[in-house]
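# Architecture and fold: a report
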Amino acid sequence: MAKMARRAILKTVVPAITAAGVLPSSTLDSLARVAGKPRIRQSASRWCYQKISLEELCAKGAEMGLEGIDLLNEEEWEIPRQYGLVCSMGYGGGGEIPNALNRVENHARIEAAFRKSIPHAAKAGVPNLITFSGNRDGLSAEEGSRNTVAGLNRVKKVAEDHGVTICLELLNSKVDHKDYMCDHTAWGVRVIEEVNSPNVKLLYDIYHMQIMEGDLSQTIIANSHWIGHFHTGGVPGRHELDDSQEVNWTGVMRAIASTGFQGFVGHEFIPTRDPMTSLRQAVALCSV
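Since this is a predicted model, take the numbers as computed values, not measurements.

## A closer look at the packing of helix α5 (residues 141-153) against helix α7 (residues 185-195)
The interhelical angle for the contact between α5 and α7, taken along N-to-C directions, is 40 degrees, at an axis separation of 9 Å. As far as their axial angle goes, α7 and α5 are oblique. Considering how the two elements wind past one another, α5 and α7 form a crossing that is right-handed. Touching Ala141, Gly144, Ser145, Thr148, Val149, Leu152 and Asn153 of α5 are Trp187, Val191, Ile192, Glu194 and Val195, all from α7. Residues belonging to the contact of α5 with α7 are distributed by class as follows: seven nonpolar, four polar and one charged.

## Here we look at the side chain of Asp205
Along the polypeptide, Asp205 turns up in strand β6 (residues 200-205). With a relative accessible area of 0%, Asp205 lands in the buried category. A polar atom in the side chain of Asp205 sits 3.1 Å from the backbone nitrogen of Tyr207. In contact with Asp205, other than residues within four places in its own chain, are Glu169, Leu170, His231, Arg238 and Glu268.

## A look at the confidence of the model for the chain
Summing up the model confidence of the chain, the mean pLDDT is 90 and the portion of residues at 70 or higher is 87%. The model gives residues 1-38 a pLDDT under 50, and that stretch makes 41 contacts with residues more than four places away or in other chains.

## Some remarks on the pattern of salt bridges
Pairing is possible between side chains that carry opposite charge, provided their charged atoms lie close to one another. Counted according to the given criterion, the structure contains 12 salt bridges. With its nearest N and O atoms 3.3 Å apart, the salt bridge here joins Glu78 to Arg81. On the basis of relative accessibility, which here comes to 42%, the residue Glu78 falls in the partly exposed class. The shortest N-O distance in the salt bridge between Glu111 and Arg154 comes to 2.7 Å.

## Describing the packing of aromatic side chains
A full pass over the atoms with the stated rule returns two aromatic pairs. Pairing Tyr204 with Phe230 gives two aromatic rings, centres 5.8 Å apart and planes at 65 degrees, and the pair type is edge-to-face. One end of the pair, Tyr204, is in strand β6; the other, Phe230, is in strand β7 (residues 227-232), and 26 residues separate them in sequence. For the residue pair Tyr204 and Phe230, the accessibility class agrees, reading buried in each case. Aromatic ring contacts, followed pair by pair, group Tyr204, Phe230 and Phe261 into a single cluster.

## Digging into the pairing of strand β4 (residues 128-131)
Put simply, side chains in a regular strand alternate between the two faces of the sheet. In β4, alternate side chains face the same way, and those of Asn128 and Ile130 on one face and Leu129 and Thr131 on the other are all buried. The pairing of strand β3 (residues 86-91) with β4 spans two bridges and is parallel. When the sheet's bridge partners are listed, Tyr91 is paired in β4 with Ile130. The parallel pair β3 and β4 is bridged by helix α4 (residues 107-124), and the resulting crossover is right-handed.

## So, the sheet that holds β6
Ordered by their spatial adjacency, eight strands build a closed barrel running β1-β2-β3-β4-β5-β6-β7-β8, and the pairing between neighbours is parallel. Direction aside, neighbouring strands of the sheet carry axes that sit 30 degrees apart on average. Two elements, strand β1 (residues 41-45) and strand β2 (residues 68-72), share three bridges in a ladder whose sense is parallel. Residue pairing for β2: Ala44 is matched across the bridge by Ile69. Packing of α7 onto the sheet brings it into contact with β5 (165-169) and β6, and relative to β6 it is tilted by some 165 degrees.

## So, helix α3 (residues 54-64)
Burial in α3 covers these residues: Leu54, Leu57, Cys58, Gly61 and Met64. The buried residues of α3 occupy one face: seen down the axis, they fall within an arc of 135 degrees. Where α3 is buried, its residues touch β2 and α11 (275-285). Within two residues after α3, Gly65 carries a phi angle of roughly 105 degrees, on the positive side.

About the thresholds
- Residues numbered from 1 in each chain as written.
- Predicted model: local features only at pLDDT ≥ 70, side-chain atom pairs only at ≥ 80, totals over all residues.
- Heavy atoms only, no water.
- Axes fitted to C-alpha atoms, helices over the stretch in contact; angles between N-to-C directions.
- Helix = DSSP H or I, 4+ residues; strand = E, 2+ residues; numbered from the N terminus.
- Parallel < 35°, antiparallel > 145°, perpendicular 65-115°, else oblique.
- Left-handed = near helix turned anticlockwise from the far one by under 90°.
- Contact = heavy atoms within 4.5 Å.
- Nonpolar A, V, L, I, M, F, W, Y, C, P; charged D, E, K, R; others polar.
- Buried < 20%, exposed > 50% of the residue type's maximum accessible area, 1.4 Å probe, protein only.
- Polar contact = N/O pair within 3.5 Å; in protein donor to acceptor, adjacent residues only side chain to side chain.
- pLDDT = per-residue confidence, 0-100.
- Salt bridge = Lys/Arg side-chain N within 4 Å of Asp/Glu carboxyl O.
- Phe/Tyr/Trp six-rings, centres within 6.5 Å; stacked < 30°, edge-to-face > 60°.
- Pairing = 2+ DSSP bridges.
- Right-handed = clockwise from strand over helix to strand, strands pointing away.
- Arc of directions from axis to C-beta.

Shown next as structure tokens:
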């Protein structure tokens with residue numbers, strides 16, 4: 001089947017399924033087959049593996065099928081390339097979790113950092129840089145949204161010019177990041193829609209959004225146009241993707257694959273046993 005025909009089927013069938021409110025796994029599998037079995041490109045977050053060197057993580061990750069390493073500082077961006085990987089999500093000065101785009105006083109600092117880091121990311125083959133909303137700290141959702149849109153509008157052109165995507169992360173404010181503003185998909189989507197740039201997307205963290213709202217597969221399919229990156233983590237506890245927690249990872253990966261997503265799913269769980277064994281199992285589980 002021609003590529004255009006496959007795309008046409010996805011554009012008509014996926015919205016129909018979403019509207020109907022049903023996502024049977026057999027249908028998702030069929031959509032994946034129609035789309036040519038889109039492959040989930042996987043990466044791993046560096047901070048979860050601090051007891052081993054970045055070089056070892058890259059070497060072992062490449063052996064098990066990873067294509068990238070997430071959340072590296074600029075001085076580390078070139079290291080994965082030595083192992084046939086990329087830095088799939090970099091730090092580029094997008095603020096800090098509690099203190100970022102929802103405050104106008106942070107905009108000049110974040111803009112200056114991105115104007116410096118985005119060209120470097122493009123040169124190093126880093127497709128994504130992370131940013132945050134910041135905490136509410138008494139700010140209304142409406143004002144925080146306006147401020148975040150304004151901040152992203154200041155940097156979207158440089159991202160577009162260099163082919164790098166700025167990803168605004170969704171985090172939970174219930175367990176890990178109290179008072180964080182971008183804690184629901186709907187709020188994040190409103191911001192990204194308003195910015196309306198192909199190079200400004202959401203980082204949809206599956207762990208965090210399972211805690212805040214659930215309904216993962218439906219939400220991902222309905223909002224796939226606005227999502228540029230995913231993170232994983234077992235719920236509860238942010239540990240291995242296994243039968244000790246509540247997310248159906250195969251089902252969620254099928255939902256992602258059914259949209260034709262071409263970005264990365266980054267593993268961001270904290271291993272409780274041999275870390276490379278846990279990572280290898282996660283990679284196998286998410287290879288749909």
